[in-house]
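Descriptive structure summary
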Amino acid sequence: MLASRRILLIIGGGIAAYKALDLIRRLRERGASVTPVLTRAGAEFVTPLSVSALAGQKVFADLFDLTDEAEMGHIELSRSADLIVVAPATADLMAKMAHGHADDLASTLLLATDTPVLLAPAMNVRMWQHAATQRNLATLRADGIGFVGPNEGDMACGEHGPGRMAEVPEILAAVEAALSDGPLRGRRVLVTSGPTHEPIDPVRYIANRSSGAQGTAIARALAALGAEVVFVTGPATVPPPGGVTVVRVETAREMLAAVERALPADAAIFAAAVADWRVAQASGRKIKKSGGALPVLEFAENPDILETVSRMDKGRPPLVVGFAAETHDVVEHATAKRARKGCDWILANDVSAGTGIMGGAENAVTLITEEGAESWPRMGKDQVAARLAERIARALA
Ligand code: CTP
């Protein structure tokens, strides 16, 4: 709940500005007050009248509005909130913020503020992927700016890919996380989850039985402690949690690329069941039965994402956590795996037949750290996640 929390909402220019209207309603429903700021471009997409009617307050739009300066200067306006939310945050606004411009009300407020800031970017895929925007993103993250989204999907401009603004429930959850006094507030954590699918041809693939339940529970538990979570997931059966940035991938190689794009992070948790091998030459066309001859599949090794990140020279997250699925000699194997992969912690689970852990609701884990092995009693995957999230919070404190 956001009772008596004060949100300064900057609405930038983009087709996603219409979602900001719903966002205002939902924030107020939760008890927050919303002071709206509409950029000139934003006003091309939504009217000041609808924004002020929903916010129940006047809309601030012009830096040189002297009445406002007399009543409340822009400095005060920028600091009177508990959180500044920019939704949609355009490429232009991000560029202005990254370079410290202050040539309109929105950019001036963002430069003058000492309040936490949360951006919900929305832009064309190419603009998001452009090196300039990615540079600005890295700068803003390093400056401590929080982000929710963008999501992947079909865009109003007809293209497909990352750039869609996060949905209102996701932004609400990110607002709640940013305002929580949880111990992971202001921390960015990456979580991988689910299986990967490795194509054989356009209709067939190699997969595994991971449901994504444990990774999903971990992402949810981290968000509940206030972390900004990037959730990179393969095609899992369990739906992703709310309040996290979801990046959907299929193959191990796509997962590695998504992980690299999501860094830097304060911690990275690798809960995905990544396929160790892929078909070396996946066929571009469906493989047909050909007179009784059986197809022969040749395999190639997939990159080890956990190991790649653990051994990064530059930008390695300070805490890297891997998983190990073992059927016997759990501690020995997991301890060796920790050393081999170079990660800080390994959460080993006993997946031997009859435990019902793979795909089940419970888990029995042993946490392997530099100090040694610590066996946790068998408990629900949500409880494992909560306990791990608390340990992570303590480690990052
Ligand atoms: N992992 C990864 N990339 C891979 C393979 C595994 O990031 N290509 C990560 C998993 O997310 C997990 C850990 O590494 O955190 C598991 O390591 P892995 O070597 O696959 O161990 P097990 O699944 O336990 O299996 P094995 O017995 O084959 O070692």
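What counts, and at which threshold
- Residues numbered from 1 in each chain as written.
- Predicted model: local features only at pLDDT ≥ 70, side-chain atom pairs only at ≥ 80, totals over all residues.
- Heavy atoms only, no water.
- Domains from an automatic or database assignment.
- Contact = heavy atoms within 4.5 Å.
- Buried area = accessible area lost by both parts, 1.4 Å probe.
- Salt bridge = Lys/Arg side-chain N within 4 Å of Asp/Glu carboxyl O.
- Polar contact = N/O pair within 3.5 Å; in protein donor to acceptor, adjacent residues only side chain to side chain.
- Helix = DSSP H or I, 4+ residues; strand = E, 2+ residues; numbered from the N terminus.
- Nonpolar A, V, L, I, M, F, W, Y, C, P; charged D, E, K, R; others polar.
- Near = heavy atom within 4 Å.
- Areas by Shrake-Rupley, 256 points an atom, 1.4 Å probe, with all protein chains shown as cover.
- 1 Å grid on protein atoms, 1.4 Å probe; cavity = no way out; pocket = protein on both sides within 12 Å on 5 of 7 lines; lining within 4 Å.
- Sits in = over half its atoms within 2 Å of the grid points.
- Points joined across faces, edges and corners; volume = space filled by probe spheres on them.
- Patch = residues over 30% accessible without salt bridge, like charges linked within 9 Å, V, L, I, M, F, W, Y side chains within 5 Å.
- Buried < 20%, exposed > 50% of the residue type's maximum accessible area, 1.4 Å probe, protein only.

**Side note on the domain arrangement of the protein chain**
The domain boundaries assigned to the protein chain delineate domain 1 (1–179) and domain 2 (183–397). The C-alpha centroid of domain 2 is placed 33 Å from the C-alpha centroid of domain 1. With 12 residues of domain 1 in contact, the opposing surface of domain 2 contributes 15 residues. Between domain 1 and domain 2, roughly 980 Å² of surface is buried when both sides are summed, and carbon and sulfur atoms account for 42% of that area. Of all residues in domain 1, Arg 141, Glu 152 and Ala 177 give up the largest surface area on contact with domain 2, accounting jointly for 43% of the area buried on that side. Summed over the shared surface of domain 1 and domain 2, the number is 0 salt bridges. At the junction of domain 1 with domain 2, the criterion picks out 2 residue pairs in polar contact (both at pLDDT 80 or more). Looking at the side of domain 1 that touches domain 2, the elements with two or more residues in it are β5 (146–147) and α9 (168–179). Its residues assigned to classes, the side of domain 1 that touches domain 2 shows 7 nonpolar, 2 polar and 3 charged.

**Observations regarding the site of the ligand**
Around the ligand, a shell composed of 14 residues is seen, among which Phe 270, Ala 272, Phe 323, Ala 325 and Lys 337 lie nearest. With the chains in place, 78% of the 580 Å² that the ligand exposes on its own is no longer accessible. Applying the majority rule of atoms within 2 Å of the grid points places the ligand in the largest pocket. Elements with a minimum of two residues in the shell around the ligand: α12 (305–310), β16 (319–326) and α13 (330–341).

**Quick look at empty space enclosed by the protein**
Under the definition given, this model contains 2 cavities of 30 Å³ or more. Volume-wise, the largest cavity comes out at about 310 Å³. If you trace the largest cavity, you find 20 residues lining it, with Trp 128, Arg 141, Pro 150, Thr 245 and Val 247 closest to the centre. Among the secondary structure elements, those contributing two or more residues to the lining of the largest cavity are α8 (131–142), β6 (151–154), β11 (228–233), β12 (245–248) and α11 (252–262). Of the residues belonging to the lining of the largest cavity, the class tally is 11 nonpolar, 4 polar and 5 charged.

**Quick word on a nonpolar patch on the surface**
A cluster of nonpolar residues, Ile 15, Tyr 18 and Phe 45, forms a patch on the protein surface that exposes about 340 Å² of accessible area. With respect to the helices and strands, Phe 45 occurs in the loop between β2 (33–38) and α2 (48–55). For Phe 45, a relative accessible area of 42% gives the class partly exposed.

**A look at the environment of Ala 397**
The topology assignment puts Ala 397 in the segment after α14 (381–396). As for Ala 397 and Leu 140, which are separated by 257 residues in sequence, their C-alpha atoms are 22 Å apart.

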